[in-house]
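Residue strings, one per chain:
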Amino acid sequence: MGKRVLCLLLALLLLFGLPGCGRVRSDFYYDLGTAPVNLDPQSASDYASRLVIANLFEGLLQVGEGGGILPAAAERYMVSDDGLTYRFFLREDGAWENGDPVTAADFVWAFQRLFNADTNAPLASSFFCIENAEAVLGGGLPPSSLGVAAEGERTLVIRLSAYNARFLYLLTTAPAMPCNRAFFTGTRGKYGLSDKVVMGNGPFCLSLWDPDQLRLKRSESYSGEIPAQSVRLNILDKMDSPGTVQERFLEGRTSAAALDSLGSLAEEMTWDSSENTVWGISFNTAREPFSEPAFRKALLYALDFSAGEGALPAGAAQAGAIIPQNILLGGESYRAAAGKHLMPRRDAAAAWDYYQQGLAALGRTKLSGLTIILPDTGGHDVFFGYLAQGWQRDLGLYLTVEALPAAAYQRRLREGSFDLALCALTSSYNSPHGLLEQFEQGNGGNFWGFADETFDGMLAAAELTADSKTALSQYLQAEKLLIDEAVFLPLYYQSEYFVMGEGVSGIVYDFDSKIVRFQYARRAK
């Protein structure tokens, strides 16, 4: 009897794995920092919710490996010559989790919900390019006047009021996911708030939503090229002493991870990288002294990159402009077309002249008591220490450096409680617009108080043209304006890495939106 019990225990250990000892797992594991807020595609805005929605639902199109736009619920589409009318033809085998067919009416209803004020959709304005969308949301027109209509069960027509260069990408995001009207109505206002009131049309369905994890299982109604496996999403902030994302990945607790550097990862692991972030100096232009452009230009021309040579953070490369290398325009590298170097050469004499002009404009004899804030991780303080030496030498300018934990750093940015900040710009979609729009007037991410109607006009002109050469010219002018007026001083580009564990492949990571899709995930036998 004792031997039989021992054999059973050994079999269970082999099946489920030994704790902390390279477990054998059939599921895929991934870490989320925080729990989703709600899984209603039209009203969700937080990252965790959008990641889960991307696996539960399937939009007309989806982002594939390398950032390309691929067919999804729509097997093909047509665009009119003027770029204003889109016709999508849905797959015949598209189905909801309960077996109902996915129809064009499901997308019409979803867009009508998006522009219903009661939905309180935080991302509705991104789709104002759709005909009559803003008027419908404001109550001036009925939902039936929205430029989204069904032609039979499997043809959807979307009409735009103005050309939008990133409209196809927008259709891959959460607000453009379909909604089953009958199921939505049956949830009586609780749609998307628990695992019992979510129904998607994607490769997974939600089998569990607990405070510390979500479980996704294969949807038996979905017809996909590769059968999806089960996925467990861990909620790190609900765990006791979970460790870092990198530590958990190296311990074999997760199947994949997005990391700032590769470190000493094993060679047999699969990884991809993208230079998608630019770090630089931002000035608080909403208050003195950096409301005065001459002071900003003084620091621009006194930048001495050679002082910090060899001290760049891990995975970083010196920047010559704002837009990183991986950003595309018209399917080609924006940086290659626009040129790699927009920053002026160091000029100590010019820096001193600008400094004196600034002092005269504000009636000062010197600058003192200035503070720069930066994150306390990633080695940014080391590089900046070298960089600051040039400002001390050429301008006699000394700064107080505050290296802050992430929460305190973000709070100070939001409050505008800084003179200068070392900060990162990352686009949520692959376009120069995604980075540059962060400097538009009224943008919620514009912590530095910058406002310029000429700059805003350049971005609007770039987004409203279908001609890539015209868009390139407008974006390049906008980028030069930010540098010439010393609004943002780019210092270095930083790559991000997406790593999959030994034997794991097929997990798709969008470096721009940070969305992870597990539909094609597989493990070597």
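For the structure, check the block above.
Residues numbered from 1 in each chain as written. Predicted model: local features only at pLDDT ≥ 70, side-chain atom pairs only at ≥ 80, totals over all residues. Heavy atoms only, no water.

Of all the 11 residues making up helix 3 (residues 104-114), nine are buried; the element is thus mostly covered by neighbouring parts of the structure. Restricting attention to buried positions, one finds in helix 3 the residues Ala-104, Asp-106, Phe-107, Val-108, Trp-109, Ala-110, Phe-111, Arg-113 and Leu-114. Elements in contact with the buried residues of helix 3: strand 5 (85-90), helix 4 (133-137), strand 6 (148-150), strand 7 (155-159) and helix 6 (181-186). (Buried < 20%, exposed > 50% of the residue type's maximum accessible area, 1.4 Å probe, protein only. Helix = DSSP H or I, 4+ residues; strand = E, 2+ residues; numbered from the N terminus. Contact = heavy atoms within 4.5 Å.)

The N-to-C vectors of helix 14 (residues 453-463) and helix 15 (residues 468-484) enclose an angle of 155°; their axes lie 8 Å apart at closest approach. One element, helix 14, and the other, helix 15, form an angle in the roughly antiparallel class. Handedness of the helix 14/helix 15 crossing: left-handed. Taking contact as the criterion, the partners of Thr-454, Phe-455, Met-458, Leu-459, Ala-461, Ala-462 and Glu-463 in helix 14 are, on helix 15, Ala-471, Gln-474, Tyr-475, Gln-477, Ala-478, Leu-481 and Leu-482. Its residues assigned to classes, the contact of helix 14 with helix 15 shows 10 nonpolar, three polar and one charged. (Axes fitted to C-alpha atoms, helices over the stretch in contact; angles between N-to-C directions. Parallel < 35°, antiparallel > 145°, perpendicular 65-115°, else oblique. Left-handed = near helix turned anticlockwise from the far one by under 90°. Nonpolar A, V, L, I, M, F, W, Y, C, P; charged D, E, K, R; others polar.)

Take Glu-131: it is sitting in the loop between helix 3 and helix 4. Along the chain, Glu-131 and Ala-182 lie 51 residues apart, while their C-alpha atoms are 26 Å from each other. Beyond its immediate sequence surroundings of up to four residues, Glu-131 is in contact with Ser-145, Leu-146, Gly-147, Arg-159, Leu-160 and Ser-161.

Position of Ala-54 relative to the elements: it lies in helix 2 (residues 47-56). Judged by its relative accessible area of 22%, Ala-54 falls in the partly exposed class. Sequence-wise, Ala-54 and Ile-515 are 461 residues apart; in three dimensions their C-alpha atoms are separated by 7.4 Å.

Glancing now at helix 11 (residues 380-395). Structurally, the α-helix is built with 3.6 residues per turn, so residues lying three or four positions apart point the same way. The terminal C-alpha atoms of helix 11 lie 22 Å apart, and with 16 residues this matches the ideal 22 Å at 1.5 Å per residue to within 8%. Turning to helix 11, its buried residues are His-380, Phe-383, Phe-384, Leu-387, Ala-388, Gly-390, Trp-391, Asp-394 and Leu-395. Positioned one or two residues after helix 11, Gly-396 has a phi angle of 65°, which is positive. (Expected span 1.5 Å × (residues − 1).)

What follows covers the environment of Asn-120. Along the chain, Asn-120 turns up in the loop between helix 3 and helix 4. In this structure Asn-120 comes out as exposed when scored by relative accessible area, which is 63%. Each C-alpha atom, one on Asn-120 and one on Thr-465, is 30 Å from the other, the two residues being 345 residues apart in sequence.

The buried count for strand 19 (residues 488-500) comes to 13 of 13 residues, which makes it a mostly enclosed element. Alignment of strand 11 (residues 256-259) against strand 19, held across four bridges, turns out to be antiparallel. Each residue of the ladder has a partner; that of Ala-256, found in strand 19, is Met-500. Pairing between strand 12 (residues 270-283) and strand 19: 12 bridges, direction antiparallel. (Pairing = 2+ DSSP bridges.)

Burial of strand 16 (residues 370-375) is extensive: six of the six residues sit out of reach of the surface. Burial along strand 16 is two-sided: the face carrying Leu-370, Ile-372 and Leu-374 and the face carrying Thr-371, Ile-373 and Pro-375 are both buried. Where strand 16 and strand 17 (residues 399-404) come together, six bridges link them in parallel fashion. By the bridge assignment for strand 17, Leu-370 is matched with Leu-399. This β-α-β element, strand 16 to helix 11 to strand 17, shows right-handed connectivity. As paired elements, strand 16 and strand 18 (residues 420-426) share two bridges and run parallel to each other. Along strand 18, the bridge assignment pairs Ile-372 with Leu-420. (Right-handed = clockwise from strand over helix to strand, strands pointing away.)

The subject of this paragraph is the pattern of salt bridges. Applying the stated criterion across every chain yields a total of 20 salt bridges. Two residues, Glu-288 and Arg-364, come together in a salt bridge whose shortest N-O distance is 3.5 Å. Placement of the pair is Glu-288 in the loop between strand 12 and helix 8 (293-301) and Arg-364 in the loop between helix 10 (348-362) and strand 16, with a sequence separation of 76 residues. One network of salt bridges, with partners in common, ties together Asp-304, Arg-346, Arg-393 and Asp-394. (Salt bridge = Lys/Arg side-chain N within 4 Å of Asp/Glu carboxyl O.)

A cis amide bond links Glu-288 to the next residue, Pro-289, at an omega of 5°. Among the secondary structure elements, Pro-289 is positioned in the loop between strand 12 and helix 8. For Asn-120, which is not glycine, the phi torsion reads 55° and is therefore positive. Backbone geometry at Arg-188 places phi at a positive 50°, although glycine is not the residue there. The residue Arg-188 is located in the loop between helix 6 and strand 8 (204-209) in this model.

Summed over the entire model, instances satisfying the criterion amount to 24 aromatic pairs. Aromatic side chains Trp-352 and Tyr-355 sit 5.7 Å apart centroid to centroid with 35° between the ring planes, which places their arrangement in the tilted category. Placement of both Trp-352 and Tyr-355 in helix 10 is noted, with a separation of three residues, approximately one turn of the helix. Assessed through its relative accessible area of 39%, Trp-352 is described here as partly exposed. Lying over the aromatic face of Trp-109, Arg-181 brings its terminal NZ or CZ to 4.1 Å of the ring centre. (Phe/Tyr/Trp six-rings, centres within 6.5 Å; stacked < 30°, edge-to-face > 60°. Lys NZ or Arg CZ within 6 Å of the ring centre and 35° of its normal.)

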